[in-house]
Amino acid sequence: MRAVSCGVDLQRVYAHESWLSIEHAGLALELPLVALMRPGPCAVALSVCPDSWSVPAAWKGPLEGPLADLRANPGRHDGMLTALIDLRTAEGTYVGQVAPVSYFATRALESLLDGVHALRHCDQPREGRLPEPSESVMACDIGVVVLLKTSDDIVVAQRRAGHLDWRAGHLSVSASGSLEPARDFDSPVVGLDGLLAGARRELAEELGVGGVHDPCADQLQMTSLGIWRELERGGKPELYAAASTPLSFQEVCMLHARAPDASESDTLHGLARADRERLLADVIEADGLLQRSDGPVDLALVAALLLSRDAAHGRS
């Protein structure tokens, strides 16, 4: 199963990368994700750089137009997200560095990737491999992907609203967004808990789960499903997380109505076990196109369902 949406033959461009290989229904599936950090509990120590990440000189010219469009829109507000400068393993610990980065810079870079296939021209993989995070402009923003399961064994999915920049209208995960410095961590070194804090915040903002109106906020459980670089987005890193709550799906829907960012989804979908199996089967039968009769499906949802299933069975 290979999802391609940016006009690039990902299998050819990333010929020597180890894609996410995972078994489902007797089939060996390949998803266009490359592991930076494996699922499960682990030791993490990422130093926080005080200086903001800046766009490399080669990209400043092409970015002038998209940045001007973002700044000219009074409804858009710049902010600070988290750039991944480095991530590697050393003596059993994931070590590296993160830094603040402008929200406008990250969105402008993604608009170039989508609009003019900048992946082919400006951030070329070396010999069929991704550039290291320290060398890749697409690693300038760590995304967050959260899959929530309720007490009645329902996985919460959302149909992304039509006004969103990325994958509008797709059936997607419970919540998604980006890590934000200061809001998610304020220490000079970030551990796994600091990374997962961003996942908790996104869940509270988009669904209300774990937020001020959630009576079971202190019982929300969150585990890491790893950090994966998404090949469709030039190797952008995404922190995947699985969450569970003692709330029922209907109770989550009631919280969602009061969530600060509820407008990011048109509708919530409750996926029972049979629904999840049917969704995966439909995607597989579609020969790798993440599309069903009721609309497109986000790659993140497919990957999160498979990763969380394996985590529940003790596989990684």
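Below or above, wherever it landed, is the structure these notes cover. Note that the structure is predicted; figures quoted are calculated from it, not measured. (Residues numbered from 1 in each chain as written. Predicted model: local features only at pLDDT ≥ 70, side-chain atom pairs only at ≥ 80, totals over all residues. Heavy atoms only, no water.)

### Some points on the side chain of Ser 224
Next up, step 1: Along the chain, the position of Ser 224 falls in strand β12 (residues 221-230).
Next up, step 2: A polar side-chain atom of Ser 224 sits 3.0 Å from the main-chain amide nitrogen of Gly 226. (Helix = DSSP H or I, 4+ residues; strand = E, 2+ residues; numbered from the N terminus. Polar contact = N/O pair within 3.5 Å; in protein donor to acceptor, adjacent residues only side chain to side chain.)

### Brief notes about the side chain of Ser 265
Next up, step 1: One can find Ser 265 in strand β14 (residues 265-271).
Next up, step 2: Assessed through its relative accessible area of 8%, Ser 265 is described here as buried.
Next up, step 3: At 3.0 Å, the side chain of Ser 265 and the side chain of His 256 are in polar contact.
Next up, step 4: With sequence-adjacent residues up to four places away left out, Ser 265 is seen in contact with Gln 158, Arg 159, Arg 160, Ala 161 and His 256. (Buried < 20%, exposed > 50% of the residue type's maximum accessible area, 1.4 Å probe, protein only. Contact = heavy atoms within 4.5 Å.)

### Observations regarding helix α2 (residues 57-72)
Next up, step 1: End to end, α2 covers 23 Å across 16 residues, agreeing with the expected 22 Å (1.5 Å per residue, within 8%).
Next up, step 2: For α2, the principal kink sits at Leu 63 and spans about 55°; a proline, Pro 66, occurs within the next four residues.
Next up, step 3: All of the buried residues in α2 are Trp 59, Leu 63, Pro 66, Leu 67 and Leu 70. (Expected span 1.5 Å × (residues − 1). Bend = angle between axes of the 7 residues up to and from the residue.)

### Here's the deal with the layout of surface pockets
Next up, step 1: Within this model, the largest pocket holds a volume of roughly 990 Å³.
Next up, step 2: Forming the walls of the largest pocket are 40 residues, and the residues nearest its centre are Tyr 103, Arg 107, Ser 176, Gly 177 and Glu 264.
Next up, step 3: Elements with a minimum of two residues in the lining of the largest pocket: β5 (80-90), α3 (103-116), β7 (143-149), β10 (175-178), α4 (192-207) and β13 (236-244).
Next up, step 4: Among the elements that line the lining of the largest pocket, the one with the most residues is α4, at 4 residues.
Next up, step 5: The class makeup of the residues in the lining of the largest pocket is 11 nonpolar, 9 polar and 20 charged.
Next up, step 6: The volume enclosed by the second largest pocket comes to roughly 460 Å³.
Next up, step 7: Around the second largest pocket, the lining is made up of 20 residues, and of these Lys 149, Arg 276, Ser 308, Arg 309 and Ala 312 lie nearest the centre.
Next up, step 8: Among the elements of the structure, β7, β12, β13, α6 (273-285) and α7 (299-312) are those that each provide at least two residues to the lining of the second largest pocket.
Next up, step 9: The element best represented in the lining of the second largest pocket is α7, accounting for 5 residues. (1 Å grid on protein atoms, 1.4 Å probe; cavity = no way out; pocket = protein on both sides within 12 Å on 5 of 7 lines; lining within 4 Å. Points joined across faces, edges and corners; volume = space filled by probe spheres on them. Nonpolar A, V, L, I, M, F, W, Y, C, P; charged D, E, K, R; others polar.)

### With respect to the nonpolar core
Next up, step 1: Core analysis: the biggest nonpolar cluster contains 37 residues, and Leu 148, Leu 195, Leu 203 and Met 222 have the highest contact counts within it.
Next up, step 2: Per-element tally for this core: the top contributor is α4, with 6 residues.
Next up, step 3: Ignoring anything within four residues of it in the chain, the contact list for Leu 148 reads Ile 154, Val 155, Val 156, Ser 174, Leu 203, Leu 207, Val 209, Leu 220, Ala 243, Ser 244, Thr 245 and Val 252.
Next up, step 4: Membership of the second largest hydrophobic core comes to 30 residues, among which are Leu 147, Ala 242, Val 283 and Ile 284. (Core = buried A, V, L, I, M, F, W, Y, C linked by side-chain atoms within 4.5 Å.)

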